[in-house]
Amino acid sequence: MDKFVIDGPARLEGEVLVSGAKNAALPCLAATLLTAEPVRLTNLPRVADVRTMQKVLGHVGARIDAERETATVAVPEILSADAPYELVKTMRASVLVLGPLLARAGSVRVSLPGGCAIGVRPIDFHLAALRKLGAEVSLQHGYVEAKASRLRGADIVFETVTVTGTENAMLAATLADGTTQLFNAAREPEITDLARLLVSMGARIEGAGTDRIVVEGVESLHGSDHEVVPDRIEAGTYAIAAAATRGDVAVRRCRPEHLRALTTRLTAIGADVQLSGDALRVRAEGALPAQDVATAPYPGFPTDLQAQWTALATGLDGVSTVTETIFENRFHHVAELVRMGAKIRLEGRWAVVEGYRLTGANVMASDLRASAALVIAGLTAEGQTTIERVYHLDRGYSRMEEKLNALGAAVRRVT
Ligand code: EPU
């Protein structure tokens, strides 16, 4: 298992290019199952989760021609409408094939993902949505089995905002008979990106990006060419790292408008934030005041940046709270930050953080965003930090050590 060895402290300075969004690439790859014609996706991030989704598609019968950030996926026929435990256990987003396989093949069998490092994460809202569309859904031997000769449009009200739940329902509804309305739909830019791809494939979708999405089912979809939206979480991670290291970083090839909740907070702590076109420049120096943050569905502060912000908060002057409202167990980074000298008290969904100088230590990554938080902490800490299990990081960040080193950091991957 690879490790990162970071010599700190570092001051990040320069330009970094953002890759395509992992959480948009995954549903876009799942969407290729809806047509027999080839779909070409560009700006795919080179991360482990994208490779896992390609394995899932390959298992189903996809022919994939992938090179660097581009993949052309053709699924002339569905050979096996299922996602086995071996694949789903490595990436729960594999459940995104439920909707498209059901719509295209009329039946699907997908392993239940089970809990993960950040919470229980059930998929009951996905299943309720598919049932509303007329599917017969049962759970047997750890697998979800769903059947429907033709899905029928329906009104679906999500009890809680769910990103992949909204995506699964939207994917299934594209080929349903009649109109589907999704209420309390997720509004994340990744949903809008998926809708953009589906519309380019011939789907009829309105309202993506709002909490009511209307899908008019069509008989069939066709091939297309689509550029995946830039990764707002990767961009936000570098923006936070710039402020944490009191650096000066231009985060380029991103969509600054997708990061308003973060840029507002960065400005509030006294960082100089400039947005122009596809770039976000963050500069910070000296003592910065503590600032409270609470996660919320988009356009609120992303839960996927909570851990990174917590690392930044350890270097702010005074006491601040970080509140996690989306997942019940997303504070595994806290115990590791404490090993680095952080003063953080956990009270249920709150982390109370008191600014304090960090020192390098041996720490363990527990999930994707927690790993990014430990990297940021390692960059600000005095001395050497070793982060074990960086395979978590590789699931969602493309070449992070190279990008950081180009900004002046000293990060070594030890294999
Ligand atoms: N929930 C349920 N039942 C469901 C679905 C969700 O109770 O059927 C709950 C979840 O347990 C959670 C909340 O609803 O408490 C919201 O979860 P959501 O369904 O929105 O999460 P997700 O779709 O499984 C996606 C991202 C996550 C990101 C969340 C929240 C992908 C592939 N994953 O997960 O990304 O944290 O939305 O924004 O899009 C990451 O990239 O590190 C990551 C975890």
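Rules used throughout
- Residues numbered from 1 in each chain as written.
- Predicted model: local features only at pLDDT ≥ 70, side-chain atom pairs only at ≥ 80, totals over all residues.
- Heavy atoms only, no water.
- Helix = DSSP H or I, 4+ residues; strand = E, 2+ residues; numbered from the N terminus.
- Rg over C-alpha atoms; globule rule 2.2 N^0.38 Å.
- Buried < 20%, exposed > 50% of the residue type's maximum accessible area, 1.4 Å probe, protein only.
- Contact = heavy atoms within 4.5 Å.
- Areas by Shrake-Rupley, 256 points an atom, 1.4 Å probe, with all protein chains shown as cover.
- Lys, Arg positive; Asp, Glu negative; His and termini not counted.
- Charge placed at Lys NZ, Arg CZ, Asp CG, Glu CD.
- Core = buried A, V, L, I, M, F, W, Y, C linked by side-chain atoms within 4.5 Å.
- Near = heavy atom within 4 Å.
- Polar contact = N/O pair within 3.5 Å; in protein donor to acceptor, adjacent residues only side chain to side chain.
- Pairing = 2+ DSSP bridges.
- Axes fitted to C-alpha atoms, helices over the stretch in contact; angles between N-to-C directions.

Novice: Summarise the overall build of the chain; cite the residues concerned and give the values.
Specialist: Of the regular secondary structure elements, the chain holds 14 helices and 24 strands. Its C-alpha atoms give the chain a radius of gyration of 21 Å, within 12% of the compact-globule value 22 Å for 415 residues. Within the chain, the fraction of its 415 residues that count as buried is 57%. Summarising the internal contacts of the chain: among those between residues at least 6 apart in sequence, 72% fall at separations of at least 24. Surface accessibility of the chain: about 16100 Å² in total, with carbon and sulfur atoms responsible for 47%. Taking the average place of the 45 positive charges on the side chains of the chain and the average place of its 49 negative ones, the gap between the two points comes to 1 Å.

Novice: Hey, could you go over the nonpolar core for me, with residue numbers and the actual values?
Specialist: Judged by nonpolar contacts, the single largest core of 76 residues is most densely connected at Met53, Val97, Met170 and Leu198. Looking at this core element by element, the count peaks at seven residues for helix 1 (residues 22–31). Look past the residues within four positions of Val97 in its chain and what remains in contact with it is Leu33, Met53, Val56, Leu57, Ala83, Val108 and Val110. Counting residues in hydrophobic clusters, the runner-up holds 69 residues, among them Ala235, Ala243, Leu288 and Ile344.

Novice: Report on helix 9 (residues 260–268), specifying residues and quantitative values.
Specialist: Along helix 9, the residues classified as buried are Ala261, Leu262, Thr263 and Leu266. Those residues of helix 9 that are buried are in contact with helix 8 (232–244), strand 16 (272–276), strand 17 (279–283) and helix 10 (306–313). Looking one or two places after helix 9, you find Gly270, whose phi comes out positive at around 95°.

Novice: For the site of the ligand, give the residues involved together with the corresponding values.
Specialist: Around the ligand, the surrounding shell holds 21 residues, and the nearest of these are Asp124, Thr162, Thr164, Asp304 and Ile326. A distance of 3.0 Å separates an oxygen atom of the ligand from a polar atom in the side chain of Asn23. In the environment of the ligand, an oxygen atom lies 2.7 Å from a nitrogen or oxygen atom belonging to the side chain of Thr162. For the ligand, the protein covers 88% of the area, taking 830 Å² as the surface of the free molecule. Only helix 1, helix 5 (124–132), helix 6 (163–173) and helix 12 (368–380) provide two or more residues apiece to the shell around the ligand. The dominant element in the shell around the ligand, judged by the number of residues it contributes, is helix 5, at three residues.

Novice: Give a description of the sheet that holds strand 1 (residues 3–8) that names residues and reports values.
Specialist: Read across the sheet, four strands follow the order 22-23-1-24 without closing on themselves; strand pairing throughout is mixed. Looking at which strands have only one partner, the edges of the open sheet turn out to be strand 22 (362–364) and strand 24 (411–414). Across the sheet, the mean angle separating the axes of adjacent strands is 20° when strand polarity is ignored. As paired elements, strand 1 and strand 24 share four bridges and run antiparallel to each other. Paired with Val5 across the strands is Arg412, a residue of strand 24. Of the strands in this sheet, strand 1, strand 22, strand 23 (383–388) and strand 24 touch helix 12, which is tilted by about 30° from strand 1.

Novice: Tell me about unusual backbone geometry, residues and numbers included.
Specialist: Between Gly8 and Pro9 the backbone carries a cis peptide bond, its omega angle lying at 0°. Following the sequence through the fold, Pro9 ends up in the loop between strand 1 and strand 2 (13–17). Here the amide bond leading from Tyr298 into Pro299 is cis, since omega sits at 10°, within 30 degrees of zero. Inspection of the secondary structure assignment puts Pro299 in the loop between strand 18 (293–294) and helix 10.

Novice: Account for the sheet that holds strand 12 (residues 204–206), naming residues and giving values.
Specialist: In a beta sheet, neighbouring strands are held together by backbone hydrogen bonds and run either parallel or antiparallel to one another. Overall, mixed pairing links the four strands, which are arranged 10-11-13-12 in an open sheet. Bordering the open sheet on either side are strand 10 (155–157) and strand 12, each of which pairs with just one other strand. Each neighbouring strand pair of the sheet contributes to a mean axis angle of 15°, computed without reference to strand direction. As defined by bridge partners, strand 11 (residues 179–183) adjoins strand 13 (residues 212–216) across five bridges and the pair is classed as antiparallel. By the bridge assignment for strand 13, Phe183 is matched with Arg212.

Novice: I'd like a rundown of the side chain of Thr32, residues and numbers included.
Specialist: Along the chain, Thr32 turns up in the loop between helix 1 and strand 3 (39–42). At 2.6 Å, the side chain of Thr32 forms a polar contact with the backbone oxygen of Leu29. The contacts of Thr32, once residues within four sequence positions are left out, are Val39, Leu41, Leu57, Val73 and Val75.

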